[in-house]
Amino acid sequence: MLSEERLNLIRQQLSETGKVLASDLAVEFDCSEDTIRRDLRELAKKGFCKRVYGGALAHAPAPAPDRGPIEVRSHYQIESKSRLAKAAVASLATCNTIFIDASSTNLVIAEALPRDRRINVVTNAPAIAVALKDHKLCTIMMIGGLFNSDKGICYGPQTVRDIENIYADMFVLGACGVDAVTGLTALDPSEAEVKRAMVNQSARVLVASTTGKLGTVAPFKVMDVSSQIQLIVDVGVSTDLLESLRRTDMTVDVVTS
């Protein structure tokens, strides 16, 4: 098999499953693991994956530039995000105080919170607060700091300090990458810092993830895989990917409708 052909097949596997193992690829392509490792280094150099011990992981895709603010992005994959939001709201039924950070799926979750029960929502995303303005039983606390208009979030030292004075039952975290090995990751370092602060102040972490983020890795670490995380995924996740996530300490729930 030609080297370029092998590289294309490896890229295809990364796209379909989110990760590859050098030992498996060596058997599949009848070559040495050293050859596969050289292939993975070449793919990583070109930006197609991230090297990890024993193999490689697909990178989390950057958000499409034409999708704009989270208010706009919430209108993409509407059915999937609605299913995820319904499952997430059920998991929040016993929570009194929750953090919700910025993501288009989290915006749909905020809109779906029942208006007939009391709850405290703490957020660094104005769009989340606006989505709850008609919730008369919800106490909304905006976390301040420097405002990033592109991402629609407040961030920086003041944001982190404010978060450190609050304790939450649950953090509804918008993750850019969710991987069984690397954990939860984000595309921006300042955003990752705020997420880490919210993780540290929360008893549990809930991630409602669309399929495209699963098995991918963004550049900046938020947290390792742990039993603190409840991951909610939509139908249609590949069996191999779902099994790899379920082999971790996370609780993994698949929406049913």
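These figures come from a predicted structure and were not determined experimentally.

Basis of the calculations
Residues numbered from 1 in each chain as written. Predicted model: local features only at pLDDT ≥ 70, side-chain atom pairs only at ≥ 80, totals over all residues. Heavy atoms only, no water. Pairing = 2+ DSSP bridges. Helix = DSSP H or I, 4+ residues; strand = E, 2+ residues; numbered from the N terminus. Axes fitted to C-alpha atoms, helices over the stretch in contact; angles between N-to-C directions. Contact = heavy atoms within 4.5 Å. 1 Å grid on protein atoms, 1.4 Å probe; cavity = no way out; pocket = protein on both sides within 12 Å on 5 of 7 lines; lining within 4 Å. Points joined across faces, edges and corners; volume = space filled by probe spheres on them. Nonpolar A, V, L, I, M, F, W, Y, C, P; charged D, E, K, R; others polar. Salt bridge = Lys/Arg side-chain N within 4 Å of Asp/Glu carboxyl O. Buried < 20%, exposed > 50% of the residue type's maximum accessible area, 1.4 Å probe, protein only. Core = buried A, V, L, I, M, F, W, Y, C linked by side-chain atoms within 4.5 Å.

A.B. asks: Would you mind showing me how to read the sheet that holds strand E14 (residues 220-223) here?
C.D. replies: Working definition: the strands of a sheet are paired by backbone hydrogen bonds and lie parallel or antiparallel to each other. With antiparallel pairing, 3 strands are arranged side by side in an open sheet as E10-E11-E14. Edge positions in the open sheet fall to strand E10 (177-179) and E14, since each of these has one partner strand only. Neighbouring strand axes in the sheet, compared pairwise and without regard to direction, differ in orientation by 30 degrees on average. Summarising the sheet, E10 and strand E11 (residues 183-186) pair through 3 bridges and their orientation is antiparallel. Residue pairing in the sheet places Asp179 in a bridge with Gly183 of E11. Contacting E11 and E14, helix H9 (residues 189-200) crosses the sheet at an angle of about 10 degrees to E14.

A.B. asks: I would appreciate a short explanation of empty space enclosed by the protein in the present structure.
C.D. replies: A water-sized probe, rolled over the atoms, reveals where empty space remains. Tallied over the full model, the rule gives 2 cavities of 30 Å³ or more. Its boundaries defined by the atoms lining it, the largest cavity holds a volume of some 60 Å³. Residue lining of the largest cavity: Ser103, Ser104, Thr105, Asn106, Leu173, Gly174, Ala175, Val207, Ala208, Ser209 and Lys213, and that is the complete set. Elements represented by at least two residues in the lining of the largest cavity include exactly helix H6 (104-112) and strand E12 (202-209). Quantified by volume, the second largest cavity comes out at close to 40 Å³. Lining of the second largest cavity is provided by Thr17, Gly18, Lys19, Asp179, Ala180, Gly215, Leu241, Ser244 and Leu245. Residues that form the lining of the second largest cavity fall into these classes: 3 nonpolar, 4 polar and 2 charged.

A.B. asks: Please clarify how the pattern of salt bridges should be interpreted in this entry.
C.D. replies: When their charged atoms lie close together, side chains carrying opposite charge are able to pair. In this structure the tally under the stated criterion is 8 salt bridges. We note a salt bridge from Arg6 to Asp39, for which the minimum N-O separation is 2.4 Å. Taken together, the positions of Arg6 in helix H1 (residues 3-17) and Asp39 in helix H3 (residues 33-45) put the pair 33 residues apart, joining distant regions of the chain. A relative accessible area of 5% means that Asp39 is categorised as buried. A salt bridge links Asp134 to Arg115; the nearest nitrogen and oxygen atoms lie 2.9 Å apart.

A.B. asks: Would you mind showing me how to read the nonpolar core here?
C.D. replies: Within soluble globular proteins, side chains that are nonpolar tend to cluster in buried spots. Ranked by internal contacts, the top residues of the largest apolar core, which has 35 residues, are Leu173, Val207 and Leu231. Elements that contribute at least two residues to this core include exactly helix H8 (157-163), strand E9 (168-172), E11, H9, E12, E14, strand E15 (229-233) and helix H10 (239-246). Counting residues per element, this core draws most heavily on H9, at 5 residues. With residues near it in sequence (within four places) discarded, Leu173 still touches Asp101, Asn106, Leu184, Lys195, Val199, Val205, Leu206, Val207 and Val222. By size, the runner-up hydrophobic cluster in this structure holds 29 residues, among which are Val108, Ala127, Ile153 and Val255.

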